[in-house]
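Per-entry structural report
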Amino acid sequence: MARVSVSNMLNALVELGRTYLDRSDQNGSIASIVAQCRDLVSTRGEASGTALASEIVDRCAALDEEKSVSLLSALNEAFALDEEKLQAAARDYANSPSDDAYLALSAAIEAPRQELFRRLNMAPGGTAAIVGMRSRLLAALPDHPELRPLERDLKHLLSSWFNRGFLMFEQIDWRTSAVVLEKLIQYEAVHEIAGWDALRRRLEADRRCFAFFHPALPDEPLIFVEVALTHGLAGQIQDLLAEPPEDGRAEKPDTAIFYSISNCQDGLAGISFGNFLIKQVADAVQRELPHVKRFATLSPIPGFRKWLDQKLVRDTPDFLTEDELDLLQRSGWRENDVARQELKPTLMRLCAVYLIEEKRGTRPLDSVARFHLGNGASVERLNWMADLSDKGLDQSVGMMVNYLYDSDEIVSNHEAYVRDGEVATSSAVARLANGRS
């Protein structure tokens, strides 16, 4: 009820405020939208301000991709930081560090862009529109690096608005609204959900799904995690996605396997929710099912094959023998099951090396490894032929990895990782990396 009443109030303000708007300049140009934005950040009443913000949001939504980028460029320049004002405020504070001088400096440090987006957020649907703006902005950055200051301002604001304290943690099941369930199918980024029947399997009694939502986007999951309740570690994704045994005689689960974590909003890239979600899911599962004692993932290894191919092209790695190098340089093994099986010991060893030794600075090269290891997990087990989908074979020659979340080790693993870049690893995976099975 609260969401409806707030929405009604905002819409009523918009309708009331429209009578105060100047509609003399509605030619659809980028310049006229920028002029409205300047008007918005000037002093105006609540009703007229909300109505103007709503109109700007609507006009932005109607722009095509090219004009959207043009508008973002115009806003980046029109509401840029006033460097002269900042320098003057800094001098004043340096000469006389009073509270007033500090407040003036704080105001000067913030670019007017941030106030503009705070005002736009007053509009019904304003938060979603701003998230959408950042999504378009991130897509445009490679060709428009000059927009980086605008992107930083938007990320700063969204990081505050989507703070963990504002997020709602919800379990998703078959009774959840169809609008949200459809979004799961749409946003699943790890293992495709091929329609409603496949989704139903992922929400059955031996499965769990949890998500974070934000009050401003009530029907839009921000991130969701899919969990399988199993007996022991799962080693093949096909088994987790398959239908349950017809006789229903599955062993009592003792393990929760996080097998898919999907970020849903491109405009919130770089704003992390996953670490909070995993911890909260583990707590929720353990409260519901006290006999589930172990928490682990069955995770993809998205960068392995690309890394291996680059190694074979650029140099002769010292961790390969001549015979192994000869086998790997043969054409066709990547697409041939028999040839891959012949290379199993070599590929398993190389994958272990990739996960625990290959670094970018002090952090693992693999993006999924960085996420889980940074949250205190350890590399527990490599699984051969664990994902036989085209995507799995293309990314990691079909291999997947179990990261283990051991409650007794999470804190020490995290501290060692953050402090020294140390990768917590089981003895089995360490032996693989060292060439001992």
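See the structure shown above.
Structure report, in brief. Quantities reported herein were computed from a predicted structural model and do not represent experimental measurements. (Residues numbered from 1 in each chain as written. Predicted model: local features only at pLDDT ≥ 70, side-chain atom pairs only at ≥ 80, totals over all residues. Heavy atoms only, no water.)

**Observations concerning the layout of surface pockets**
- Here the largest pocket is characterised by a volume of approximately 690 Å³.
- Forming the boundary of the largest pocket are 34 residues, of which Val-190, Ile-261, Ser-262, Asn-263 and Val-368 lie nearest the centre.
- Listed by contribution, the elements that provide at least two residues to the lining of the largest pocket are β4 (255-263), α18 (367-374) and α19 (390-396).
- For the lining of the largest pocket, the leading source of residues is β4, giving six residues. (1 Å grid on protein atoms, 1.4 Å probe; cavity = no way out; pocket = protein on both sides within 12 Å on 5 of 7 lines; lining within 4 Å. Points joined across faces, edges and corners; volume = space filled by probe spheres on them. Helix = DSSP H or I, 4+ residues; strand = E, 2+ residues; numbered from the N terminus.)

**Here's the deal with the environment of Leu-298**
- Take Leu-298: it is sitting in the loop between β5 (294-297) and α14 (304-314).
- Residue contacts for Leu-298: discarding those within four places in its chain leaves Ala-234, Gly-235, Gln-236, Ile-237, Leu-240, Ile-257, Phe-258, Tyr-259, Asn-383, Met-400, Val-401 and Asn-402. (Contact = heavy atoms within 4.5 Å.)

**Focus: helix α20 (residues 410-420)**
- Among all positions of α20, only Asn-413, Ala-416 and Tyr-417 are buried. Around the axis of α20, the buried residues are gathered within 100° of arc, so they sit on the same side. Residues of α20 that are exposed and point more than 90 degrees away from the buried face comprise Val-411 and Arg-419.
- At its buried positions, α20 is contacted by β7 (363-364), α18 and β8 (378-383). (Buried < 20%, exposed > 50% of the residue type's maximum accessible area, 1.4 Å probe, protein only. Arc of directions from axis to C-beta.)

**Some thoughts on helix α9 (residues 148-161)**
- Helix length check: α9, at 14 residues, gives a terminal C-alpha distance of 20 Å against a target of 20 Å (1.5 Å per residue), a fit within 8%.
- Buried within α9 are the following residues: Leu-150, Glu-151, Asp-153, Leu-154, Leu-157, Leu-158 and Trp-161. Buried residues of α9, seen end-on, are gathered within an arc of 160° and therefore sit on one face of the element.
- Next to the buried residues of α9 lie α4 (65-78), α7 (112-120) and α8 (126-140). (Expected span 1.5 Å × (residues − 1).)

**Things to note about the sheet that holds β4**
- On the basis of which strands lie adjacent, the open sheet formed by seven strands has the order β1-β2-β3-β4-β5-β9-β8 and mixed pairing. Two strands bound the open sheet, and with one partner strand each, they are β1 (168-171) and β8. Shown here is a sheet whose adjacent strand axes are inclined to one another by a mean of 25°, direction ignored.
- Two elements, β8 and strand β9 (residues 400-405), share five bridges in a ladder whose sense is antiparallel. (Pairing = 2+ DSSP bridges. Axes fitted to C-alpha atoms, helices over the stretch in contact; angles between N-to-C directions.)

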